[in-house]
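In case you want the letters, here they are:
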Amino acid sequence: MKRRAQTTGSDDKPEKLSRAEALACVPLRSPLARETRLESGLVRIAYPAPERPFTARIARWLGVPQGPVENRTELDYLGTE
């Protein structure tokens, strides 16, 4: 997974964050993600999965219809609060 960060110099490597800077980062909500509250009080997050080229080629070769793939993650009680 690539991280977008400012580059230093001409080597195009992302600048390393200190521990304090990393802990101060705040995650952003993706406009593509949907959240659903379950009856149990937990939260399920659904988000589009990136297409994997190898899997897409095999699906085309087999003649399987392709559509958008969605990943789902369920948060526990700690993640829900």
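Peer 1: Could you give an account of the pattern of salt bridges, naming the residues involved and the relevant values?
Peer 2: Going through the model one piece at a time under the given rule, you end up with four salt bridges. Across the pair Arg29 and Glu35 runs a salt bridge, and its minimum N-O distance is 3.5 Å. Residue Glu74 is joined to Arg44 by a salt bridge in which the shortest nitrogen-to-oxygen separation is 2.8 Å. Of the two residues, Glu74 is situated in strand 3 (residues 70-75) and Arg44 in strand 2 (residues 43-48); the sequence distance between them amounts to 30 residues. Classification of Glu74 as partly exposed rests on a relative accessible area of 44%. Within the structure, one salt-bridge network assembled from shared partners comprises Arg34, Glu70 and Arg72.

Peer 1: So what about the sheet that holds strand 3? Which residues, and what values?
Peer 2: The pairing of strands in a sheet happens through backbone hydrogen bonds and is either parallel or antiparallel. A sheet is described by the order of its strands in space; here three strands give the open sequence 1-2-3, paired in antiparallel fashion. Edge positions in the open sheet fall to strand 1 (34-37) and strand 3, since each of these has one partner strand only. Between one strand and the next, the sheet's axes are offset by a mean angle of 20°, whatever the strand orientation. Direction of pairing for strand 1 relative to strand 2: antiparallel, over a ladder of four bridges. Bridge pairing in strand 2 places Thr36 opposite Arg44.

Peer 1: Kindly report on the pairing of strand 2, identifying the contributing residues and their values.
Peer 2: Adjacent in sequence and paired antiparallel, strand 1 and strand 2 are bridged by five residues, among which Gly41 carries a positive phi angle near 100°. When strand 2 meets strand 3, the two strands line up antiparallel, connected through six bridges. In the strand pairing of strand 3, Arg44 is matched with Glu74.

Peer 1: Give me the environment of Leu42: which residues, what numbers.
Peer 2: Inspection of the secondary structure assignment puts Leu42 in the loop between strand 1 and strand 2. Judged by relative accessible area, which is 13%, Leu42 ranks as buried. Put simply, Leu42 and Asp76 are 34 residues apart on the chain and 6.1 Å apart in space, counted from C-alpha to C-alpha. Non-local contacts of Leu42, meaning those with residues more than four positions away in its chain, are made with Thr36, Arg37, Glu74, Leu75, Asp76, Tyr77 and Thr80.

Parameters and conventions
Residues numbered from 1 in each chain as written. Predicted model: local features only at pLDDT ≥ 70, side-chain atom pairs only at ≥ 80, totals over all residues. Heavy atoms only, no water. Salt bridge = Lys/Arg side-chain N within 4 Å of Asp/Glu carboxyl O. Helix = DSSP H or I, 4+ residues; strand = E, 2+ residues; numbered from the N terminus. Buried < 20%, exposed > 50% of the residue type's maximum accessible area, 1.4 Å probe, protein only. Pairing = 2+ DSSP bridges. Axes fitted to C-alpha atoms, helices over the stretch in contact; angles between N-to-C directions. Contact = heavy atoms within 4.5 Å.

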